[in-house]
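A look at the structure
Chain by chain, the residues:
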Amino acid sequence: DDAEKIAIFKVATPFPFPERKAVEYLEQLDAVLCVEELDPVIERALTYIAGKYHLPVKIYGKLTGHVAASGENTIDSVKDSITQFLLDQGIAADRYKALTAGEKNNQSEELAEMPELPVRPPVLCAGCPHRASFYDVKCAMKGKKTIFCGDIGCYTLGNAMPLDMVDTCLCMGAGLNIAQGVEKVEPDTTCFAFVGDSTFFASAITGVVNAVYNQANMVLIVLDNSTTAMTGHQPHPGTGHTVMGEIVQKINIEQVLHGIGVTDVETVNPLDLHTSVECVQKMAERSGVKAIIFKSPCIAVTKPAAPLHVSSDKCIGCKKCIKELGCPAIVLNNGNVCIDSSMCTGCGLCSQVCPVTAITGGEDHE
């Protein structure tokens, strides 16, 4: 049975690499195909171990051209790599011949009849405070020459329409430094730099130091959602607890900024649209380095409020809530705007955007 000839080794912790388990795995094999994202870390480790222990096993993967060296792994690309590898090893050859003889054609016909999958681009979660933060700044700076420098995090998704609020994204902390550079070249441009609370501690503090020291004119926006949302909600110095569960003193972002020399620092709730827009407009008019901390917890670490709903008798069908926010909880049902209660977190942003107050419920953000 071909299935008995195939052994799978899933590496959960590539560093430190499980060398002993890898040796036990490799000892029973003639060849191994490494399928992994990004750099061939596992492939290099297995090649090294095979050489270290003089094991007569061949390691294939990105380095040998058996798996694509770049691009994202997909179901089709992985299937093609595995199929070719098994054929090279003389495994499943009969099965492959049967498919090419008849079954493959039938399968192709079945696939041709299936509808195409809908396009689902990545999007900020329903109720994400970052959507509100971006929208606050967008409203405040409407009609003015600005640049919005982004950073690495789930808030990078603010680049997509309809928000369209991330002009640059290079690496962690780069948004701060790009904003400083643009301001020197184009002093008539109001420069914003967006950074999350986790990235602030990891890579942005030195950029703020540089901005203050070199007398930059820019607005720093710290998107403080009290977690490291993009990579698994790990604790960071602002959360008040360590990865081991120890309760420790929080590092206060506002105090850090004051300590560096940023005199204009304000903390606001981005879900309060009116107050936030006023704050951004006020800060943008001032000279020097200004900072606004948009503080609102990630929906994954807080309890949602009651969902909102659209009053059909009040809704005029302008679709402003959909066109300007792009929240996945706001949908069209037979041409009518409605809110998916299973997704809505009750953040209340859409109710403040609606020009006829047709959206009610959730929390009161007046």
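Residues numbered from 1 in each chain as written. Predicted model: local features only at pLDDT ≥ 70, side-chain atom pairs only at ≥ 80, totals over all residues. Heavy atoms only, no water.

Here we take up the packing of helix α5 (residues 129-140) against helix α9 (residues 273-285). Following both chains from N to C, one finds α5 and α9 inclined at 55°, their axes separated by 8 Å at the closest point. Here α5 is positioned oblique relative to α9, judged by the angle of their axes. Note that α5 runs across α9; the crossing there is right-handed. Listed contacts from α9 to Tyr135, Asp136, Val137, Cys139 and Ala140 of α5 are Leu273, Ser276, Val277, Val280 and Gln281. In terms of residue class, the contact of α5 with α9 is built from seven nonpolar, two polar and one charged. (Axes fitted to C-alpha atoms, helices over the stretch in contact; angles between N-to-C directions. Helix = DSSP H or I, 4+ residues; strand = E, 2+ residues; numbered from the N terminus. Parallel < 35°, antiparallel > 145°, perpendicular 65-115°, else oblique. Left-handed = near helix turned anticlockwise from the far one by under 90°. Contact = heavy atoms within 4.5 Å. Nonpolar A, V, L, I, M, F, W, Y, C, P; charged D, E, K, R; others polar.)

This part is about helix α3 (residues 75-88). For α3, built from 14 residues, the straight-helix expectation of 20 Å at 1.5 Å per residue is met to within 8% by its first-to-last C-alpha distance of 20 Å. Restricting attention to buried positions, one finds in α3 the residues Ser81, Phe85 and Leu86. An end-on view of α3 places all buried positions within 125° of arc, on one side of the element. In α3, the exposed positions that point more than 90 degrees away from the buried face belong to Ile75 and Asp76. Contact partners of the buried residues in α3: β1 (31-33) and β2 (58-60). Phi turns positive, to about 75°, at Gly90, one or two residues after α3. (Expected span 1.5 Å × (residues − 1). Buried < 20%, exposed > 50% of the residue type's maximum accessible area, 1.4 Å probe, protein only. Arc of directions from axis to C-beta.)

We now examine the layout of surface pockets. The space that makes up the largest pocket amounts to roughly 660 Å³. Around the largest pocket, the lining is made up of 25 residues, and of these Ala7, Tyr25, Val32, Leu33 and Phe85 lie nearest the centre. Counting residues per element, the ones that place at least two in the lining of the largest pocket are β1, α2 (41-52) and α3. Broken down by class, the residue content of the lining of the largest pocket amounts to 19 nonpolar, two polar and four charged. (1 Å grid on protein atoms, 1.4 Å probe; cavity = no way out; pocket = protein on both sides within 12 Å on 5 of 7 lines; lining within 4 Å. Points joined across faces, edges and corners; volume = space filled by probe spheres on them.)

Attention now goes to the pairing of strand β4 (residues 190-196). With six of seven residues buried, β4 lies mostly within the body of the structure. Relative to β4, strand β3 (residues 146-149) runs parallel, the two being bridged by four bridges. When the sheet's bridge partners are listed, Ile147 is paired in β4 with Cys191. For the crossover that starts at β3, traverses helix α6 (residues 174-185) and ends in the parallel β4, the hand is right-handed. Of the crossover connections in this fold, the one passing from β4 over helix α7 (residues 197-213) to the parallel strand β5 (residues 218-224) is right-handed. (Pairing = 2+ DSSP bridges. Right-handed = clockwise from strand over helix to strand, strands pointing away.)

Before going further, it helps to examine α7. The principal kink in α7, of about 70°, is found at Ser203. Residues Asp197, Ser198, Thr199, Phe200, Phe201, Ala204, Gly207, Val208 and Ala211 constitute the buried set of α7. On its buried face, α7 is in contact with α6, β4, β5, α8 (253-260) and β7 (289-295). Just downstream of α7, Gln215 is the residue with a positive phi angle, here 55°. (Bend = angle between axes of the 7 residues up to and from the residue.)

Before going further, it helps to examine the side chain of Asp151. On the secondary structure map, Asp151 appears in the loop between β3 and α6. No salt bridge forms around the buried Asp151; measuring N to O, its nearest opposite-charge neighbour Lys290 is 18 Å away. A distance of 2.9 Å separates a polar side-chain atom of Asp151 from the backbone nitrogen of Gly173. Residue contacts for Asp151: discarding those within four places in its chain leaves Thr156, Thr168, Cys169, Cys171, Met172, Gly173, Ala174, Gly175, Phe194, Val195 and Thr199. (Lys, Arg positive; Asp, Glu negative; His and termini not counted. Salt bridge = Lys/Arg side-chain N within 4 Å of Asp/Glu carboxyl O. Polar contact = N/O pair within 3.5 Å; in protein donor to acceptor, adjacent residues only side chain to side chain.)

Moving on, we come to empty space enclosed by the protein. Counted according to the given criterion, the structure contains two cavities of 30 Å³ or more. In this structure, the largest cavity occupies an estimated 130 Å³ of space. Forming the walls of the largest cavity are 19 residues, and the residues nearest its centre are Gly127, Cys327, Cys347, Leu349 and Cys350. Its residues placed into classes, the lining of the largest cavity shows 14 nonpolar, four polar and one charged. For the second largest cavity, the calculated volume is near 100 Å³.

One can find Ser296 in the loop between β7 and β8 (308-310). Ignoring sequence-local partners within four residues, the contact set of Ser296 consists of Pro129, Asp224, Asn225, Asn269, Pro270 and Leu271.

What follows concerns the packing of helix α1 (residues 19-26) against α2. It is the contact of α1 with α2, at a shortest axis distance of 10 Å, that shows an interaxial angle of 75°. Comparing their axes, α2 and α1 come out roughly perpendicular. Where α1 abuts α2, its residues Glu19, Ala22, Val23 and Leu26 lie against Leu46, Ile49, Ala50 and Lys52. Looking at the contact of α1 with α2 residue by residue, the class counts come to six nonpolar, no polar and two charged.

Applying the stated criterion across every chain, the model contains six aromatic pairs. Pairing Phe148 with Phe192 gives two aromatic rings, centres 5.6 Å apart and planes at 45°, and the pair type is tilted. Note that Phe148 is positioned in strand β3 and Phe192 in strand β4, a separation of 44 residues in sequence. You'll find Phe148 and Phe192 in the same group, each marked buried. The rings of Phe134, Phe148, Phe192 and Phe194 are connected pair by pair, giving a single aromatic cluster. (Phe/Tyr/Trp six-rings, centres within 6.5 Å; stacked < 30°, edge-to-face > 60°.)

Any link to function would need more than the numbers given here.
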